[in-house]
Amino acid sequence: SLGVDAFDVPTRWIVTDADDALGLGGLGTSTDPGELATALEDATTQEDLGIEQRDGEDVRHYRLTVSLEALAAVSSELEEQFSGLGEEVPDDVLFDVYVTADNLLRAITYEMDLMGQTMEIEMEFSDYNSIDPIVIPDPSDVTEQDLPDF
């Protein structure tokens, strides 16, 4: 997920060619949350940072270090993306994980420095066992944008 803030565009949303987006590589461009949660189980370090409020809910905040090897092991897609980046990928990724009192993931956040750019990724989880409708943005709020070569 690459935020629109990374581009100098006048709208909240961008649209680009899917083949260009695949060239970004790395964690966050198409990460399956289930695969990511599986990789978190193989964290090399874990730190319990205590209870915090997140959107009005008490959640336990953990900080986990996960090796790139563990991340690639849960997804052949991630492994392929990482191998295409060569020396540019870090050995480990630091995750902040927020878990509810009933042991459900509420959020995962992390950063990765890739090819001189910092990607900040935040995934929020809510309404388990329900499906939110997909709302297509108004065309006036979308800019067509070619992605830079990273």
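Structural data are supplied above this passage.
Residues numbered from 1 in each chain as written. Predicted model: local features only at pLDDT ≥ 70, side-chain atom pairs only at ≥ 80, totals over all residues. Heavy atoms only, no water.

Our next topic: the overall build of the chain. Scanning the chain from N- to C-terminus turns up four helices and seven strands. What you see in the chain, going N to C, is helices and strands ordered as β-α-α-β-β-α-α-β-β-β-β. Across the 150 residues of the chain, 35% fall into the buried class. Nonlocal contacts in the chain, meaning residues at least 24 apart in sequence, comprise 60% of its contacts between residues at least 6 apart. (Helix = DSSP H or I, 4+ residues; strand = E, 2+ residues; numbered from the N terminus. Buried < 20%, exposed > 50% of the residue type's maximum accessible area, 1.4 Å probe, protein only. Contact = heavy atoms within 4.5 Å.)

In this sheet, strand β3 (residues 57-67) lies alongside strand β2 (residues 45-54) in antiparallel orientation, the contact comprising eight bridges. Paired with T45 across the two strands is T65, which belongs to β3. For β3 and strand β4 (residues 92-100), the ladder comprises nine bridges, and the chain directions are antiparallel. Its bridge partner lying in β4, R60 is registered against V99. (Pairing = 2+ DSSP bridges.)

Our next topic: the pattern of salt bridges. Note on pairing: side chains with opposite charge can pair once their charged atoms come close. The full count for this structure, using the stated rule, is five salt bridges. A salt bridge links E122 to R54; its shortest N-O distance comes to 2.6 Å. Of this pair, E122 sits in strand β6 (residues 117-124) while R54 sits in strand β2, and the two are 68 residues apart along the sequence. Looking at R54, the relative accessible area reads 14%, which means it is buried. A salt bridge links D96 to R63, with the nearest nitrogen and oxygen atoms 2.8 Å apart. Here D96 is found in strand β4, whereas its partner R63 is found in strand β3, with 33 residues between them in sequence. A residue is classified by how much of its surface remains accessible, and D96, at 14% relative accessible area, is buried. Residues joined in a network through salt bridges with shared partners are R54, E122 and E124. (Salt bridge = Lys/Arg side-chain N within 4 Å of Asp/Glu carboxyl O.)

Here we take up unusual backbone geometry. Within the chain, D55 stands out as a residue other than glycine whose phi angle is a positive 55 degrees. Within the secondary structure, D55 sits in the loop between β2 and β3. In this structure, N103 takes a positive phi of about 65 degrees despite not being glycine. Tracing the backbone through its elements, the reader meets N103 in the loop between β4 and β5 (105-114).

All told, the structure shown has one aromatic pair when counted by the stated rule. For the pair F95 and Y110, a centre-to-centre distance of 4.8 Å together with 55 degrees between the ring planes defines the contact as tilted. Here the residue F95 occupies a position in strand β4, and Y110 occupies one in strand β5, the gap between them amounting to 15 residues. Sitting over the face of the ring of Y98, R54 holds its NZ or CZ atom 4.4 Å from the ring centroid. (Phe/Tyr/Trp six-rings, centres within 6.5 Å; stacked < 30°, edge-to-face > 60°. Lys NZ or Arg CZ within 6 Å of the ring centre and 35° of its normal.)

L36, A39 and L40 are the residues of helix α2 (residues 33-40) that are buried. Projected down its long axis, α2 shows its buried positions confined to an angular sector of 105 degrees, all on one face. (Arc of directions from axis to C-beta.)

Let us now look at the side chain of R54. In terms of polar contacts, R54 uses its side chain to reach the side chain of E122, at 2.6 Å. Discounting residues that sit within four places of it in the chain, R54 has contacts with V59, Y98, A107, T109, E122 and E124. (Polar contact = N/O pair within 3.5 Å; in protein donor to acceptor, adjacent residues only side chain to side chain.)

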